[in-house]
Amino acid sequence: MRTPPASDPARSALMKRVRQARTGAEEAVAAALRRAGLHYRRNAKGLPGAPDFANRRRRWALFVNGCFWHHHKNCRRGTIPKQNNAFWLEKFAANRARDSRKAKALRALGFRVAILWECEALDPPRLKARVARLAGLWGRGQLDEKR
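Residues numbered from 1 in each chain as written. Predicted model: local features only at pLDDT ≥ 70, side-chain atom pairs only at ≥ 80, totals over all residues. Heavy atoms only, no water.

Trainee: Explain the nonpolar core to me, please; I cannot follow it from the model alone.
Mentor: Taken as a class, soluble globular proteins show a tendency for nonpolar side chains to be buried jointly. Membership of the largest hydrophobic core comes to 19 residues, with the highest contact counts inside it found for V29, L33, F53, W60, L62, L116 and W138. For this core, the secondary-structure elements that each account for two or more residues are helix 2 (24–35), strand 3 (60–65), strand 4 (112–117) and helix 5 (124–140). With six residues, the single largest contributor to this core is helix 5. Excluding residues that lie within four positions of it along the chain, L116 makes contacts with V29, L62, F63, V64, N65, A121, L127, R130, V131 and L134. (Core = buried A, V, L, I, M, F, W, Y, C linked by side-chain atoms within 4.5 Å. Buried < 20%, exposed > 50% of the residue type's maximum accessible area, 1.4 Å probe, protein only. Helix = DSSP H or I, 4+ residues; strand = E, 2+ residues; numbered from the N terminus. Contact = heavy atoms within 4.5 Å.)

Pasting the structure below:
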């Protein structure tokens, strides 16, 4: 996949400001995990895909996916840009394939893996319910949750 040349300096500047770590969604999830009593490391570099949150001893990993970048289906944030449509479709497909490989590699190591979407993380009641459910699953040692 070849990145198209930047045609609009304003768009290029906007894209450079997009954060990759410590996003608002990640910060909200971190707070919810702390409230639920789940201990974690952020961006565990030694694990496949460097999950956003992970606990090696309890063998769980959590990815907080941005709805746009990981193309969350049926979500208003998971849009496809009209300009350069073919590039974006290819990019989203590659991102989703990479996400799948990362989760599969973690599961092969015995980790329970969950994906939390940005839209869930930014909705406090949904986030609280989802983290409580994950804490219950991970606390009982059940297998990973698919979503």
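Once the structure has been displayed, the description carries forward.
Trainee: What should I look at first to understand helix 3 (residues 85–108) in this one?
Mentor: Because each turn of an α-helix spans 3.6 residues, side chains separated by three or four positions in sequence point in the same direction. Its 24 residues give helix 3 an end-to-end C-alpha distance of 35 Å, which sits within 8% of 34 Å, the value for a rise of 1.5 Å per residue. Phi turns positive one or two residues past the end of helix 3, at G110, with a value near 90°. (Expected span 1.5 Å × (residues − 1).)

Trainee: Is there a simple way to explain unusual backbone geometry in this structure?
Mentor: Across the chain, the bulk of peptide bonds are trans and the bulk of non-glycine residues have phi less than zero. Although it is not a glycine, N43 adopts a positive phi angle of roughly 45°. Despite not being glycine, R59 shows a phi value in the positive range, around 60°. Positionally, R59 belongs in the loop between strand 2 (53–55) and strand 3. Classification of R59 by relative accessible area gives partly exposed; the value is 33%.

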